[in-house]
Amino acid sequence: QMQLVDSGGGLVQAGGSLRLSCAASGGTFSNYAMGWFRQAQGKEREFVAAISRTSVTYPADSVKGRFTISRDNAKNTVYLQMNSLKPEDTAVYFCAATRKYYYGSTSPSFFAFWGQGTQVTVSS
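Calculation rules
- Residues numbered from 1 in each chain as written.
- Predicted model: local features only at pLDDT ≥ 70, side-chain atom pairs only at ≥ 80, totals over all residues.
- Heavy atoms only, no water.
- Phe/Tyr/Trp six-rings, centres within 6.5 Å; stacked < 30°, edge-to-face > 60°.
- Buried < 20%, exposed > 50% of the residue type's maximum accessible area, 1.4 Å probe, protein only.
- Helix = DSSP H or I, 4+ residues; strand = E, 2+ residues; numbered from the N terminus.
- Lys, Arg positive; Asp, Glu negative; His and termini not counted.
- Salt bridge = Lys/Arg side-chain N within 4 Å of Asp/Glu carboxyl O.
- Polar contact = N/O pair within 3.5 Å; in protein donor to acceptor, adjacent residues only side chain to side chain.

Considering the packing of aromatic side chains
Right, on to step 1. For the structure on display, the rule yields 10 aromatic pairs.
Right, on to step 2. Seen from their ring centres, Y103 and F110 are 5.4 Å apart, and the 90° between their planes marks the pair as edge-to-face.
Right, on to step 3. Under the relative-accessibility criterion, Y103 is labelled exposed at 55%.
Right, on to step 4. Clustering of aromatic rings is evident, with ring pairs tying together F37, F47, Y58, F94, Y102, Y103, F110, F111 and W114.

Shown next as structure tokens:
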């Protein structure tokens, strides 16, 4: 059973950067597509970015050009580099994993395994 541990959140000023990490265990990491979602207070969980087993990336339009998802199969870790942060990026960020063939789905239900979340707060 895949287990995911998110880390790297924090408080940052608008325009700043953060890098989130998600460490995976309990499965063959390279067999999983990985994603990042976020959930702001009072809102639904929102797709941020995903990366396939072959490292094809799928960023949401809202973060394209600012956020970059990457993976290191040797370290069983997926990253989300967030630059030019805005107050509207404030949310709890969750990593997610699926063994299904990934073709660009933005639905949380496509992903079976979830991290515990890490808070990102961007001040104006």
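What about the environment of L11?
Right, on to step 1. In this structure, L11 sits in strand β2 (residues 10–13).
Right, on to step 2. Once the C-alpha coordinates of L11 and T68 are considered, the two residues, 57 residues apart in sequence, prove to be 19 Å apart.

Some remarks on the side chain of D6
Right, on to step 1. Its place among the elements puts D6 in strand β1 (residues 3–7).
Right, on to step 2. We note that D6 is buried and unpaired, the nearest opposite charge coming from R45 at a distance of 8.1 Å.
Right, on to step 3. Only 3.3 Å separates the side chain of D6 from the backbone nitrogen of C95, close enough to count as a polar contact.

Everything listed here is a matter of coordinates, which is why it stays silent on function.
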